[in-house]
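# Report on the structure
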Amino acid sequence: MTTKLLSHRRRAAMSALAAVAASGTAVAVLIFSGTGASAAEAPVDLGTAANFSVLAGSTVTNTGPTFLAQSLGVSPGNTAPGFPPGIVGGETHLGDAVALQAKNDLTTAYNDAAGRTPFTNLPAELGGTTLLPGVYRIGAAQLTGTLTLDSQGDPAAVFIFQIASTLITAPNSSVVFINGSSPCNVYWQVGSSATLDTGTRFMGNILAQTSITMNTGATLQGRALAQTGAVTLDTNTINAPVCLQPTGTPTQTPTGQPTGTPTGTPTGTPTGTPTGTPTGTPTGQPTGTPTGQPTGQPTATPTRTKLPVTGGSGGSALVPVLTGVGGVAVASGAALLLLYRRRTTDS
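Keep in mind it's a predicted model, so treat the numbers as computed, not measured. (Residues numbered from 1 in each chain as written. Predicted model: local features only at pLDDT ≥ 70, side-chain atom pairs only at ≥ 80, totals over all residues. Heavy atoms only, no water.)

### Some details on the nonpolar core
- If you look at the biggest cluster of nonpolar residues, it comprises 41 residues, and the most contacted ones within it are Val60, Phe161 and Trp188.
- By residue number, the principal contributor to this core is strand β17 (residues 201–208), which donates 4 residues.
- When near neighbours in sequence (up to four residues on either side) are disregarded, Val60 contacts Val54, Leu72, Gly73, Val74, Thr79, Ala80, Pro81, Phe83, Val231 and Leu233.
- Residues Ala102, Tyr110, Tyr187 and Leu207 belong to the second largest nonpolar core, which totals 16 residues. (Core = buried A, V, L, I, M, F, W, Y, C linked by side-chain atoms within 4.5 Å. Buried < 20%, exposed > 50% of the residue type's maximum accessible area, 1.4 Å probe, protein only. Helix = DSSP H or I, 4+ residues; strand = E, 2+ residues; numbered from the N terminus. Contact = heavy atoms within 4.5 Å.)

### Observations concerning the pairing of strand β11 (residues 146–150)
- Burial runs high along β11: 4 of the 5 residues are buried.
- With 3 bridges connecting them, strand β8 (residues 129–131) and β11 associate as parallel partners. When the sheet's bridge partners are listed, Thr129 is paired in β11 with Leu147.
- When β11 meets strand β14 (residues 174–178), the two strands line up parallel, connected through 5 bridges. (Pairing = 2+ DSSP bridges.)

### With respect to the packing of aromatic side chains
- Scanning all chains against the criterion turns up 3 aromatic pairs.
- Arranged with centres 4.1 Å apart and planes meeting at 10°, the rings of Phe161 and Trp188 form a pair that is stacked. Taken together, the positions of Phe161 in strand β12 (residues 159–163) and Trp188 in strand β15 (residues 186–190) put the pair 27 residues apart, joining distant regions of the chain. Side by side, Phe161 and Trp188 carry an identical accessibility label, which is buried.
- Judged by centre distance (4.8 Å) and plane angle (45°), the rings of Trp188 and Phe202 are tilted. Separated by 14 residues along the polypeptide, Trp188 in strand β15 and Phe202 in strand β17 bring together distant segments of the chain.
- Taken together through their ring pairs, the aromatic side chains of Tyr136, Phe161, Trp188 and Phe202 make up a single cluster.
- Here the basic side chain of Arg137 rests over the ring of Phe119, its NZ or CZ set 3.8 Å away from the ring centre. (Phe/Tyr/Trp six-rings, centres within 6.5 Å; stacked < 30°, edge-to-face > 60°. Lys NZ or Arg CZ within 6 Å of the ring centre and 35° of its normal.)

Printed below as a string of structure tokens:
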């Protein structure tokens, strides 16, 4: 019984180990065979080589009205026939110290790009593929049709292609970006030489060990930088690669506080207190003291009209007497008149 139990436990342990091993293998496959080998790759520092549209070791030759948005440099060579008619938007440095420094910086950048790990292996044909940010390794790269680079909304996403030998495009092929990728963060480290065929629309920085050729009408948004050999051009346009900024936030904080506090306090306090105090007391006050007591009150102490007095100063005492006498006389007269009428009537 004990032996059977131990055997059962051994089989369970072996099954668990097998499951762990299978899980580890699956994780390894996801890491090394996906469409992106690194989620947060740092850009390759080009140093002063970033100032050049074209940089070559031996010479630069041009046919037709080629346009370079940035500088043109050659070192240790010192020739660049075909400019003009080619136009250089920046400076031209042929065999001078500036070109030498740029070449030294190119070598450092080339070695950095070549040594990045981890990486994902890709087949030779890149056309018809959509890739996420990361480091990719290819033996000899061929582009026929369109290669799509998807940064998944991160404009700082980095793509590095480590190409052991050559990079060759078919006519009218193209590299396109979706979801915010920046040409300035795409690097093609080429072990020998690169050729962009007629009408190709290419993106990124080409860092070639030997030489770079751009056939008629090919365009590049980036840089053509060759360490030891020549760069050959024919009616091409090379524009500086654009580095996109993150969207949704300002590209930088405001450059400062508002240009200043207001130039002063308001132009002044009111020009003065009211033009003056009232010129006098309010006109609503009486213009003077009242001319008399209010007209509603008796104008004087009430008086009684006195009857005329013909006598001396004591005449005022005789009025009641005279009034009484007059009344008796009137009454007597009336009685007499009444008596007279009655007698007349009787007769």
